[in-house]
Amino acid sequence: MQYRANVIARAYKIINYEINKHMKSQTKQKSKSKTKQAARSSTTRRKPQKSRSAQAKNSRRQYSLAVLLFCLIVSMFFGGDLKGFLAVGTDAVAAYLDGKLLGQSQDAGKSGDIKDSTLQIHFLDIGQGDATYITCDGHSMLVDAGNNNKGTQVQSYLESQKISSLDYLVGTHPDADHIGGLDVVLTKFPAKKLFMPDYEKDTKTYEDVVKAAKYRRLEITHPKAGQTYPLGSAKITILGPLEAYSDANDNSICFLLEHGENRFLFTGDAEEDAESDMLSAGENVQADVYKVSHHGSKTATTEAFFREISPVYAVISCGDDNRYGHPHAEVLNRLRAAGVQMFRTDDQGTVVVVSDGTDLTFNCSPSDDWAAGE
């Protein structure tokens, strides 16, 4: 009996996954087509309306039920007694009507339970650097904290958001424009975990962060690809780094943030080698919102990697008239040719996106400034 149930569960899960993937791809294409036609004057941008989302969900459930019935019929070949078939079938249908995916653990479903849940992502305007504040259901994290002179600015922003502590503090890699303000944040806000790559830099900036962590008696965690962490009803999946690279940028911590149907990709300053390795490893980097790597540098966001992301929206964090010429024309042209709606902190200030698990709403219209920094 248990063997048959396991067979059904495994078959259902595999086939249902392929159906959902196919249907999400179709929904994604429709979403991108609609967002391209959206009026520039609108102050918000949304994914397809909930009525269409509900239709898609109903279609998925109809497909899933058909798959379930197919699996039950197949199960008859594994023993074939009618009494056993009914017992397994009753359990399977009960699980289906309860909205549970057969064969899926309760832990695996945490990121999908997003009723009355809101995720906010704040891409801070801190000049040439990165700092992103994320909050979901009373839980919060900070990804990078800008340059050495930006720590107090990041501190003030967190205080304006009524933050007293952080679940996660992430230093994607030890370059000053990413971890320069981390020592201030660490000193002012207790954090449960501090994530940094297993890559050190012989600089005072890096040393200050290590000292601040010791002050907090907080051990630095080096996350590994495949590990997952909850953030309220959202889920963080570590994608990289996959190797120990000689370059600091490629050692960036890369992760996917999922909230209901919405997916957000963060890759720090990861460049071509790291991107190629993630693709070779079969990482699923598809995302609705892409935090453009390395401030829009042409050394990142390669054609192959960008194609796999297939974003609807992209956010570039960079400083006005920065000496690196970010964002570069090659990346901007790639985004524009694909019809991606782009936001940039040097043009629009702090960019905030809110997710309810289905729709995405921004605090400003997409930028119409496609001029390169160089």
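None of these values were measured; they are calculated from a predicted model. Every residue gets a number counted from 1 within its own chain, in the order that chain's sequence is written. Note on the predicted model: pLDDT of at least 70 is required for a residue's local features to be given, and 80 or more for side-chain atom pairs to be given and counted; whole-chain, interface and lining totals, by contrast, use all residues. With hydrogens and water excluded, all non-hydrogen atoms of the structure serve as input to the side-chain values.

### Observations concerning the overall build of the protein chain
For step 1, the next point in the chain: Secondary structure assignment for the protein chain yields eleven helices and 15 strands.
For step 2, the next point in the chain: The classification of residues rests on relative accessible area computed with a 1.4 Å probe and restricted to protein chains. Under 20% of the type maximum is buried, over 50% is exposed, and intermediate values are partly exposed. Looking at the protein chain residue by residue over its 374 residues, the buried ones come to 51%.
For step 3, the next point in the chain: By definition in these notes, contact holds between two residues if any of their heavy atoms fall within 4.5 Å. Taking all contacts inside the protein chain whose residues are at least 6 apart in sequence as the whole, residues at least 24 apart take part in 70%.
For step 4, the next point in the chain: Taken as a whole, the protein chain presents about 17,700 Å² of accessible surface, with 49% of it coming from carbon and sulfur. Each helix corresponds to a stretch of at least 4 residues labelled H or I by DSSP, and each strand to a stretch of at least 2 residues labelled E; elements are numbered beginning at the N terminus. All accessibility values rest on the Shrake-Rupley procedure with a 1.4 Å probe; residue burial counts only the protein chains present in the view.

### Regarding the sheet that holds strand 5 (residues 191–195)
For step 1, the next point in the chain: Paired strands are those between which DSSP finds at least two bridges. Taken in spatial order, the eight strands line up as 6-5-4-3-2-1-14-15 in an open sheet, and their pairing is mixed. Each having just a single partner strand, strand 6 (220–221) and strand 15 (360–362) make up the two edges of the open sheet.
For step 2, the next point in the chain: Strand direction decides the pairing type here: strand 3 (residues 139–143) and strand 4 (residues 166–170), joined by three bridges, are parallel. Counted as the bridge partner of valine 143 is valine 170 from strand 4.

### Examining the environment of arginine 323
For step 1, the next point in the chain: If you trace the backbone, arginine 323 turns up in the loop between strand 12 (313–316) and helix 10 (329–337).
For step 2, the next point in the chain: Considered as a pair, arginine 323 and glutamine 128 are 195 residues apart in the sequence and their alpha carbons are 9.1 Å apart.
For step 3, the next point in the chain: One polar contact links arginine 323 to tyrosine 324, side chain to side chain, over a distance of 2.8 Å. Between N or O atoms, a polar contact is any pair within 3.5 Å; within protein, one atom must be a potential hydrogen donor and the other a potential acceptor, and residues adjacent in sequence are included only when both atoms are from side chains.

### Examining the nonpolar core
For step 1, the next point in the chain: Think of a nonpolar core as a cluster: buried Ala, Val, Leu, Ile, Met, Phe, Trp, Tyr and Cys residues, connected wherever their side-chain atoms sit within 4.5 Å. In this structure, Ile121, Ile134, Met141, Ile236, Leu257 and Phe264 are the most contacted members of the largest nonpolar core, which totals 30 residues.
For step 2, the next point in the chain: When neighbours within four sequence positions are excluded, phenylalanine 264 is seen to be in contact with Leu119, Ile121, Phe255, Leu256, Leu257, Ala287, Val289, Val353, Ser355 and Leu360.
For step 3, the next point in the chain: Counting residues in hydrophobic clusters, the runner-up holds 26 residues, among them Ala131, Leu142, Tyr206 and Val352.

### Some words on empty space enclosed by the protein
For step 1, the next point in the chain: Method remark: on a 1 Å grid restricted to protein atoms, a set of points is classed as a cavity if a 1.4 Å probe fits but cannot get out and as a pocket if it is open with protein on both sides within 12 Å along at least five of seven lines; lining residues have an atom within 4 Å of a point. Grid points are joined across faces, edges and corners, and a volume is the space filled by probe spheres set on the points. Scanning all chains against the criterion turns up one cavity of 30 Å³ or more.
For step 2, the next point in the chain: Contributing to the lining of the largest cavity are Asp130, Thr132, Val143, Asp144, Thr172, Ile253, Phe255, Phe266, Thr267, Gly268 and Lys291.

### Let's talk about helix 10
For step 1, the next point in the chain: Considered for burial, the residues of helix 10 that qualify are Val331, Leu332 and Leu335. Burial along helix 10 is one-sided: seen end-on, the buried residues are contained in an arc of 100°. Those residues of helix 10 that are exposed and aimed more than 90 degrees away from the buried face are Asn333 and Ala337.
For step 2, the next point in the chain: Following helix 10 by one or two positions, glycine 339 has its phi on the positive side, about 75°. Here the arc refers to the set of directions running from the helix axis out to each C-beta atom.

### A short note on the packing of aromatic side chains
For step 1, the next point in the chain: Two rings from Phe, Tyr or Trp (for Trp, the six-membered ring) form a pair when their centres sit within 6.5 Å of each other. Planes less than 30 degrees apart are called stacked, planes more than 60 degrees apart edge-to-face, and all others tilted. As enumerated under the stated definition, the model contains seven aromatic pairs in all.
For step 2, the next point in the chain: Between the aromatic rings of phenylalanine 255 and phenylalanine 266, the centroid separation amounts to 4.8 Å while the plane-to-plane angle is 10°, which identifies the pairing as stacked. Here phenylalanine 255 is found in strand 9 (residues 254–259), whereas its partner phenylalanine 266 is found in strand 10 (residues 262–266), with eleven residues between them in sequence.
For step 3, the next point in the chain: Among the residues examined, phenylalanine 255 registers a relative accessible area of 2% and is labelled buried.

### Notes on the side chain of threonine 135
For step 1, the next point in the chain: Among the structural elements, threonine 135 can be located in strand 2 (residues 132–136).
For step 2, the next point in the chain: A polar atom in the side chain of threonine 135 sits 3.1 Å from the backbone oxygen of histidine 139.
For step 3, the next point in the chain: Among residues more than four places away in sequence, those in contact with threonine 135 are Thr118, Leu119, Gln120 and Ser140.

### Here's the deal with helix 8 (residues 272–280)
For step 1, the next point in the chain: Taken together, the buried positions of helix 8 are occupied by Ala274, Glu275 and Met278. With its buried residues spanning 100° around the axis, helix 8 presents them on a single face. In helix 8, the exposed positions that point more than 90 degrees away from the buried face belong to Glu272 and Ser280.
For step 2, the next point in the chain: As for helix 8, its buried residues are in contact with strand 8 (234–240), strand 9, strand 11 (289–291) and helix 9 (303–309).
For step 3, the next point in the chain: Looking one or two places after helix 8, you find glycine 282, whose phi comes out positive at around 80°.

### Considering the confidence of the model for the protein chain
For step 1, the next point in the chain: Each residue carries a pLDDT value, the predictor's own confidence for that position, ranging from 0 to 100. Summing up the model confidence of the protein chain, the mean pLDDT is 81 and the portion of residues at 70 or higher is 70%.
For step 2, the next point in the chain: Across residues 48–57, where pLDDT falls below 50, the model places eleven contacts with residues more than four positions away in sequence or in other chains.
For step 3, the next point in the chain: Residue range residues 80–111 is modelled with pLDDT below 50. Its contacts to residues more than four positions away, or to other chains, number 43 contacts.

### Topic: the pattern of salt bridges
For step 1, the next point in the chain: One speaks of a salt bridge when a side-chain nitrogen belonging to Lys or Arg is within 4 Å of a carboxyl oxygen belonging to Asp or Glu. According to the stated counting rule, one finds nine salt bridges in the structure shown.
For step 2, the next point in the chain: Linking aspartate 130 and lysine 291 is a salt bridge whose minimum nitrogen-to-oxygen distance equals 2.8 Å. One end of the pair, aspartate 130, is in the loop between strand 1 (119–123) and strand 2; the other, lysine 291, is in strand 11, and 161 residues separate them in sequence.
For step 3, the next point in the chain: A salt bridge links glutamate 258 to arginine 263; the nearest nitrogen and oxygen atoms lie 3.1 Å apart. Assigned by exposure class, glutamate 258 and arginine 263 land together as buried.
For step 4, the next point in the chain: Linked by salt bridges that have partners in common, Lys235, Glu258 and Arg263 make up one network.

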